[in-house]
Amino acid sequence: MIKIPQKMKDVASRIYPLGYYIMEAWIDKREWGDQYSDAKDLRKELSLTDNDTVCDAYIKIKPPTGNSVSILLEITGAREKDINKMLDQLKETYKIIITKDKDIDYSVIHGANIQLPFKAEKSDYENRKILTVLGKEPKLTSSGSKSIKVFVV
Amino acid sequence: MAIYISLKKNEKTSLADRITSTIQFSKRLLSQYNFMESSAKIYELVRIEQDSETFDVEDLNVGQKIANRIASLKRSSYGVVINGKIYIDSKIFHPFIDILPPNRSQYYDFIIDVYENAYASTLEDLNKYTNLYERIEKIILSYNKEYKSNKNLLEIKTAIVSDYFKQYHDIKDWTYFFSKNVEELILLVFFNDKDLKNRLYYAPSFNRTKTLFNFDGYRLAIAKAAQTHKVAIKTGSISLSPQKEDAMKGFVNEITQITKKLIKTTNVTKEEQIEKYEKALKEINY
């Protein structure tokens, strides 16, 4: 199996607690270092330079049952990040990665300290298909638009 | 790490003025670095939606146009985000200006930060390539002078540089602080210390800070503390920029100690006050 940073493994195992197999991994090596040699460099694969803004990783994992799932990841490092900033970075990467014939199933934000009220009334949920779980449990938000679905774990 | 700025508002302040002021200030701050390809978008709570209308930031009436559009949406929880590119040392950075929705703007009106790339992950990292804090200060002062001649601009009241989620808390955690009211520094010191807060329980704190600040000895003591902790103070309005890490902490701790010493001579805590009352009653045999 391809080696990826522990924080990314945490996300994958949270989505598939019964286990998974990493089929493909592209990591922003400028941020996460070169030690993950099995993984490809996300910037190189997307033909981006150091000037461009990109999310942390693209991984394709296969759960024990069911089809493989492609995920874009944005993870907080040592410093706190604003959730809107993380969302924007995911969107930027998403726009580029779909031109490389990659189909993204989910985008995941990990470790964001959510300051915004993630409230959605029932009508909001029906119209805009935003699903929100508040409380101590992991906050889960998924947008029903065709292009991007975001989970906050 | 981002810049948080609050504007001077009153009941008559319109959303258009808030947006225009933010755009004018941000453009001035970033103009030296060729602020390019900028555009504004409206968002609601979180920026998930993909296809919202974009507005040209160079347009002089953009503030009014965005405000009209928000008014037509008939909900108050809309914010505006402005994206663009800047060039520093032949590197490209992607700053964004987030004009907070009215229901989130009671403390700060807008935030300036950069998206991560290989050179910078937060705004603070730009300091490696350019002297950003000095520029912020220069632009705030020149903007505040100019706002008087333009009816659509609002004055900048407070500006701080802080980590995310620390902007509401302790002044010690901030790496830059500017305020139009010099007394605000002392107010922040009061509010961040339990004992001082207790002692001001009965006193109108703003008046107290004014008296304290007008006392020459106190001002000199603050200047001395700033010198020892390498915090640059510029007065008129007040602007603090620590020259090294943890300088702000040391500086704030020291002025808290000085203020405590002075306030103890004039103000009492609730318990001390009750003790005094009891003593006075005993003296007249009741």
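Draft legend 1. Examining the overall build of chain A more closely. Helix and strand content of chain A: five helices and eight strands. Secondary structure elements of chain A occur, N-terminal to C-terminal, as α-β-α-β-α-β-β-α-β-α-β-β-β. Within chain A, the proportion of its 153 residues that are buried is 31%. When contacts within chain A are restricted to residue pairs at least 6 apart in sequence, long-range pairs at least 24 apart make up 55% of them.

Draft legend 2. Up close: the overall build of chain B. Within chain B one finds nine helices and ten strands. Along the first, second and third principal axes, the C-alpha atoms of chain B reach 80 × 45 × 35 Å. The buried share of chain B, reckoned over its 286 residues, is 36%. Sequence separation of 24 or more characterises 60% of the internal contacts of chain B that already satisfy a separation of 6 or more.

Draft legend 3. Summary view of the packing of helix H1 (residues 15-31) of chain B against helix H3 (residues 132-146) of chain B. Residue and element names in this part refer to chain B. Closest axis-to-axis distance for the H1/H3 pair is 10 Å, and the angle between their directions is 135°. With respect to their mutual orientation, H1 and H3 come out oblique. Pair H1 / H3 crosses with right-handed handedness. Two secondary-structure elements touch here, H1 through Phe25, Arg28 and Leu29 and H3 through Arg135, Ile136, Ile139 and Tyr143. For the contact of H1 with H3, the per-class residue count stands at five nonpolar, no polar and two charged.

Draft legend 4. Inspection of the nonpolar core at higher detail. Residues Ile3, Ile136 and Tyr176 of chain B are the most contacted members of the largest nonpolar core, which totals 69 residues. Among the elements that line this core, the one with the most residues is H1 of chain B, at six residues. Counting residues domain by domain, this core receives three or more from each of domain 1 (2-162) and domain 2 (179-273) of chain B. In this structure, Ile136 of chain B is in contact with Ile3, Leu29, Ala159 and Tyr176 of chain B, ignoring residues within four places of it in sequence. One finds Ala12, Trp26, Trp32 and Ala39 of chain A within the second-largest nonpolar core, a separate group that totals 26 residues.

Draft legend 5. Inspection of the pairing of strand S4 (residues 69-75) of chain A at higher detail. Residues and elements named next belong to chain A. Sheet topology note: the strand S3 (residues 57-62)/S4 ladder contains five bridges and is antiparallel. The residue bridging Ala57 from the neighbouring strand is Leu73, located in S4. Of the pairings in the sheet, the one linking S4 to strand S5 (residues 106-110) comprises five bridges and is parallel in character. The residue bridging Glu74 from the neighbouring strand is Ile109, located in S5. Each parallel crossover has a hand, and the one from S4 via helix H4 (residues 83-97) to S5 is right-handed.

Draft legend 6. Quick peek at H1 of chain B. The terminal C-alpha atoms of H1 of chain B lie 24 Å apart, and with 17 residues this matches the ideal 24 Å at 1.5 Å per residue to within 8%. Those residues of H1 of chain B that fall on the buried side of the exposure criterion are Leu15, Arg18, Ile19, Thr20, Ser21, Thr22, Ile23, Phe25, Ser26, Leu29 and Leu30 of chain B.

Draft legend 7. Representation of the sheet that holds strand S3 (residues 54-56) of chain B within the structure. All names here are of chain B. The ten strands lie next to each other as S3-S2-S4-S5-S6-S1-S7-S8-S10-S9, forming an open sheet whose pairing is antiparallel. Only two strands of the sheet have a single partner each, and these edge strands are S3 and strand S9 (231-234). Each strand axis lies, on average, 20° off the axis of its neighbour in the sheet, ignoring direction. Where strand S1 (residues 2-7) lies against strand S7 (residues 156-162), six bridges are found, and the strand directions are antiparallel. Bridging from a neighbouring strand, Ile5 pairs with Ala159 of S7.

Draft legend 8. Layout of the pairing of S1 of chain B. Residue and element names in this part refer to chain B. For S1, a buried count of six out of six residues is recorded, marking the element as mostly surrounded by other parts of the structure. As defined by bridge partners, S1 adjoins strand S6 (residues 110-115) across three bridges and the pair is classed as antiparallel. Bridged to Ile3 within S6 is Ile112.

Draft legend 9. Region of interest: the domain arrangement of chain B. All names here are of chain B. Domain parsing of chain B yields domain 1 (2-162) and domain 2 (179-273). The gap between the C-alpha centroids of domain 1 and domain 2 is 31 Å. Opposite the five residues of domain 1 that make contact, domain 2 presents five residues. Elements with a contribution of two residues or more to the side of domain 1 that touches domain 2: H3 and S7. The class makeup of the residues in the side of domain 1 that touches domain 2 is one nonpolar, one polar and three charged.

Draft legend 10. Focus on unusual backbone geometry. With a phi close to 60°, Asp101 of chain A is a non-glycine residue in the positive phi region. Looking at the element boundaries, Asp101 of chain A is found in the loop between H4 and S5. Even without glycine at this site, Asp89 of chain B takes up a positive phi of about 55°. Along the chain, the position of Asp89 of chain B falls in the loop between strand S4 (78-88) and strand S5 (91-99).

About the thresholds
Residues numbered from 1 in each chain as written. Chains lettered and ligands numbered in written order. Predicted model: local features only at pLDDT ≥ 70, side-chain atom pairs only at ≥ 80, totals over all residues. Helix = DSSP H or I, 4+ residues; strand = E, 2+ residues; numbered from the N terminus. Buried ≥ 20, exposed ≤ 12 C-beta atoms within 10 Å, placed from the backbone. Contact = placed C-beta atoms within 7 Å. Axes fitted to C-alpha atoms, helices over the stretch in contact; angles between N-to-C directions. Parallel < 35°, antiparallel > 145°, perpendicular 65-115°, else oblique. Left-handed = near helix turned anticlockwise from the far one by under 90°. Nonpolar A, V, L, I, M, F, W, Y, C, P; charged D, E, K, R; others polar. Core = buried A, V, L, I, M, F, W, Y, C linked by C-beta atoms within 7 Å. Domains from an automatic or database assignment. Pairing = 2+ DSSP bridges. Right-handed = clockwise from strand over helix to strand, strands pointing away. Expected span 1.5 Å × (residues − 1).

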